[in-house]
Amino acid sequence: MTYKLLALNIDGTILKSNSKMTKQTKDAIGYVKDKGVYVTLATSRPYPSAKKIAKALKVDGCLITSDGAFIAENADEPIFVRRMKEEKALQVVDILERYDCHIRVFHEDYSIGNKVRQRNHLIAKMTIGIGDPLFYPIRFVDSVCEQLMQEPIAPPKVQVQFFNQEDQKRAIRQLEEVVAGIRLQESAPGRFEIVSAGVSKARGLQTLGQYLGISANEMVAVGSQNTDVDMINQVGLGVAMGNATESVKEVADWLTRSNEQNGVSYMIREVFRKQLRLQL
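Predicted model, so just to flag it, every value in this text is computed and none were measured.

Participant: Whenever I open this one, the sheet that holds strand β8 (residues 138-141) confuses me. Can you help?
Facilitator: What holds strands together in a sheet is hydrogen bonding between their backbones, with the strands either parallel or antiparallel. In spatial order, the strands read β8-β7-β6-β9-β11-β10; together these six strands make up an open sheet with mixed pairing. One side of each edge strand has no neighbouring strand; the edge strands of this open sheet are β8 and β10 (182-188). Within this sheet the neighbouring strands show an average axis-to-axis angle of 20°, counted without direction. Examined bridge by bridge, strand β7 (residues 111-114) and β8 share four bridges and lie parallel to one another. Its bridge partner being in β8, Ile112 is matched across the sheet by Arg139. Each of β9 (157-162), β10 and β11 (191-196) touches helix α6 (residues 165-178); the most contacted strand, β10, lies at about 155° to it.

The following block contains the structure:
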């Protein structure tokens, strides 16, 4: 099989646990691009954050961001965007603010977060954890719900980090019972990505494939998080990182090394080594 597209998650895949990428990873992505393969990022991160990583990797095509809710090469001209309606975002945030959690409402240009009423380091941890503070404006407010009532927005995604399991169970149960037309997926322990129903990285990859004229069996997808499962399961070659969750490993066709062991670089060299350059 000749593969024409490579989709890579960012966190836990391209980036090491210290949020840095290695020269081996950059070189490997350059190597596969030189073979004419289309490289994209498929990430939970918002577009500006993903774009910064893409620029460092010299990846200049369309990016699948916000778990598939926002797909674009240029933020001003997305090829696909599926927003939560203003009233639905308000409804979600209204429920979440009843529990002990940190909330982020993501727009493609900025995000709004609540001030965590615990130790100060929790805000810092949440901010640094998604790698966005330097190039993606964040506004911390006392109440996200009140902010959205004053200035309504239709965000591609809402993210929440719970601090205890009891609040998490109750909040997720209430969201599932009360709010129709949303999709919740746990991306890390206690962290949930909330998007419109039908939105996923898998659907985003389908959309990009149709846009480029590339079929699913001509794609390679690499990931490590539960939000990567559907994407990895639908492509010609689904690859799990060595540090991936068990759910990802169960559906993958191929298991590479961990993100700490240059798993992306190892996979690219092994899978694409014998593939001739595509004639575009």
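Next, the rest of the story.
Participant: Please explain the confidence of the model for the chain as it appears in this structure.
Facilitator: Keep in mind that low pLDDT regions are not for reading the predicted coordinates in detail. With 92% of its residues at a pLDDT of at least 70, the chain reaches an overall mean of 91. Within the model, pLDDT remains below 50 along residues 127-134, and this stretch shows 19 contacts once partners closer than five positions in the same chain are excluded.

Participant: Can you walk me through the packing of aromatic side chains in this structure?
Facilitator: Geometry of an aromatic ring pair is reported as the spacing of the ring centres plus the angle between the planes. Under the defined criterion, the tally for this structure stands at four aromatic pairs. With centroids separated by 6.0 Å and ring planes inclined at 75°, the aromatic side chains of Phe162 and Phe192 adopt a geometry described as edge-to-face. Here Phe162, found in strand β9, pairs with Phe192, found in strand β11; they are 30 residues apart in sequence, far enough to count as distant. There is no split in this pair, since Phe162 and Phe192 are both buried.

Participant: How should I be thinking about the packing of helix α3 (residues 86-96) against α6 in this particular structure?
Facilitator: Geometrically, a packed helix pair is captured by the angle between its two axes and the distance between the axes. Remark: α3 packs on α6, axes separated minimally by 10 Å, with the N-to-C direction vectors making an angle of 150°. Between α3 and α6, the interaxial angle falls into the category roughly antiparallel. Considering the relative orientation of α3 and α6, their crossing is right-handed. Across from Gln91, Val92, Ile95 and Leu96 in α3, the residues of α6 making contact are Ala171, Gln174, Leu175 and Val178. For the contact of α3 with α6, the class distribution of residues is six nonpolar, two polar and no charged.

Participant: Would you take a moment to explain the pattern of salt bridges for this structure?
Facilitator: If you walk through the whole model with that rule in mind, you get 12 salt bridges. As a salt-bridge pair, Lys157 and Asp67 come within 3.3 Å of each other at their nearest N and O atoms. You can see Lys157 sitting in strand β9 and its partner Asp67 sitting in the loop between β3 (63-65) and β4 (70-72), a full 90 residues away along the chain. The same class applies to Lys157 and to Asp67, which are both buried. A salt bridge links Asp230 to Arg183; its shortest N-O distance comes to 3.1 Å. Separated by 47 residues along the polypeptide, Asp230 in helix α8 (residues 229-234) and Arg183 in strand β10 bring together distant segments of the chain. Taking the relative accessible area as the measure of exposure, Arg183 reaches 24% and is therefore partly exposed.

Participant: Is there a simple way to think about the packing of helix α1 (residues 23-34) against helix α10 (residues 263-272) in this case?
Facilitator: Between α1 and α10, whose axes approach to 8 Å, the crossing angle comes to 25°. By the angle class used here, α1 and α10 are roughly parallel. Handedness of the crossing formed by α1 with α10: left-handed. Between α1 and α10, the residues in contact are Gln24, Thr25, Asp27, Ala28, Ile29, Tyr31 and Val32 and Val264, Ser265, Ile268, Arg269 and Phe272, respectively. Here the residues of the contact of α1 with α10 are counted per class, giving seven nonpolar, three polar and two charged.

Participant: It is not clear to me how the sheet that holds β3 should be interpreted in this structure. Could you clarify?
Facilitator: The sheet built from three strands is open, its strands ordered β3-β4-β5 with antiparallel pairing. Both edges of this open sheet fall to β3 and β5 (80-81), since each of them pairs with a single strand only. Strand direction decides the pairing type here: β4 and β5, joined by two bridges, are antiparallel. Its bridge partner lying in β5, Phe70 is registered against Val81. Of the strands in this sheet, β3 and β4 are in contact with helix α2 (residues 47-57), which crosses β3 at around 140°. Where helix α7 (residues 201-212) meets the sheet, it contacts β3, β4 and β5, and its direction lies at approximately 155° from that of β3.

Cut-offs used in this document
- Numbering of residues starts from 1 in every chain and runs along the sequence as written.
- At least 70 in pLDDT is required for a residue's local features to be given in this predicted model, at least 80 for side-chain atom pairs to be given and counted, and no such filter applies to totals for whole chains, interfaces and linings, which use all residues.
- Heavy atoms from the whole structure form the basis of all side-chain values; hydrogens and water molecules are not counted.
- A strand pair is defined by DSSP finding two or more bridges across the two strands.
- Working definition: helices are DSSP H or I runs of at least four residues, strands are E runs of at least two. Numbering for both runs from the N terminus.
- Axis angles are defined between N-to-C directions and span 0 to 180 degrees, where every axis is a line fitted to C-alpha atoms and, for a helix, only to the segment in contact.
- Note on contacts: a residue pair qualifies if any of its non-hydrogen atoms lie within 4.5 Å across the two residues.
- Per-residue confidence from the prediction method is given by pLDDT, with values spanning 0 to 100.
- What counts as a ring pair is set by centres within 6.5 Å for rings of Phe, Tyr and Trp (its six-membered ring), and what kind of pair is set by the plane angle: stacked under 30 degrees, edge-to-face over 60, tilted for all other angles.
- The cut-offs for exposure are 20% and 50% of the maximum accessible area for each residue type, with area from a 1.4 Å probe on protein chains only; residues under the lower value are buried, those over the upper are exposed, and the others partly exposed.
- By definition in this entry, angles of less than 35 degrees are roughly parallel, angles greater than 145 are roughly antiparallel, angles of 65 to 115 are roughly perpendicular, and the rest are oblique.
- Take the far helix as the reference: if the near one is turned anticlockwise from it by less than a right angle, the crossing is left-handed, and if turned clockwise, right-handed.
- Throughout this entry, Asp, Glu, Lys and Arg are counted as charged residues, while Ala, Val, Leu, Ile, Met, Phe, Trp, Tyr, Cys and Pro are counted as nonpolar. The remaining residues, Gly among them, count as polar.
- Salt bridges are defined by distance alone: a side-chain nitrogen of Lys or Arg within 4 Å of a carboxyl oxygen of Asp or Glu.

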